[in-house]
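# Coordinates in review
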Amino acid sequence: MSDSRAADVAAIQAVLVASYKAWEAGDADGMVAHYTEDATAIMTGSLRGSRDVIRESMALAFAGPLKGTSTYNRQLSLRFVGRDAAIVVSESGILFPGQTEVADAGKVNATWVLEKRGGQWLIAAYHNSPALAPER
């Protein structure tokens, strides 16, 4: 890995960590601070089609069902797509107050698409789905 890629990896990981910390603080503005204006997020089968929509939905969630939550995140991979795009895959889950672990049934596989704009890495898209296939 070249020095520039190592710096890019560190910058991408810092963006993700900032988003996780903002979630833990219940800070919707901070959570989307590193999202592009035209970012998309697909969570629980719903499409959120801009940074503003993502922020609004997270603010409502932090004031309601996600109040006091934090997240579990384990990066599974990071790969670059050209010079200015990267895909991160993680295993993630929501930790509700009092929980120290996320049950397997609550874990999701998440895909983060990041884009380097103006020298800064930003989240352009996020999608998650259950980590375990439903039992048949």
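That block above? That's the structure.
Values in this document were obtained by computation on a predicted structure and should not be read as measured data. (Residues numbered from 1 in each chain as written. Predicted model: local features only at pLDDT ≥ 70, side-chain atom pairs only at ≥ 80, totals over all residues. Heavy atoms only, no water.)

### Quick look at the overall build of the protein
Secondary structure assignment for the protein yields three helices and six strands. Along its sequence from the N terminus, the protein presents helices and strands in the succession α-α-β-β-α-β-β-β-β. Taken over C-alpha atoms, the radius of gyration comes to 15 Å for the protein, in line with the 14 Å a tight globule of 136 residues would show. For the protein, with 136 residues in total, the buried portion stands at 35%. If you take every contact in the protein between residues at least 6 apart in sequence, the share linking residues at least 24 apart comes to 49%. Of the roughly 7,800 Å² of accessible surface on the protein, a fraction of 54% belongs to carbon and sulfur atoms. For the protein, the centre of its 13 positive side-chain charges and the centre of its 15 negative side-chain charges are spaced 3 Å apart. (Helix = DSSP H or I, 4+ residues; strand = E, 2+ residues; numbered from the N terminus. Rg over C-alpha atoms; globule rule 2.2 N^0.38 Å. Buried < 20%, exposed > 50% of the residue type's maximum accessible area, 1.4 Å probe, protein only. Contact = heavy atoms within 4.5 Å. Areas by Shrake-Rupley, 256 points an atom, 1.4 Å probe, with all protein chains shown as cover. Lys, Arg positive; Asp, Glu negative; His and termini not counted. Charge placed at Lys NZ, Arg CZ, Asp CG, Glu CD.)

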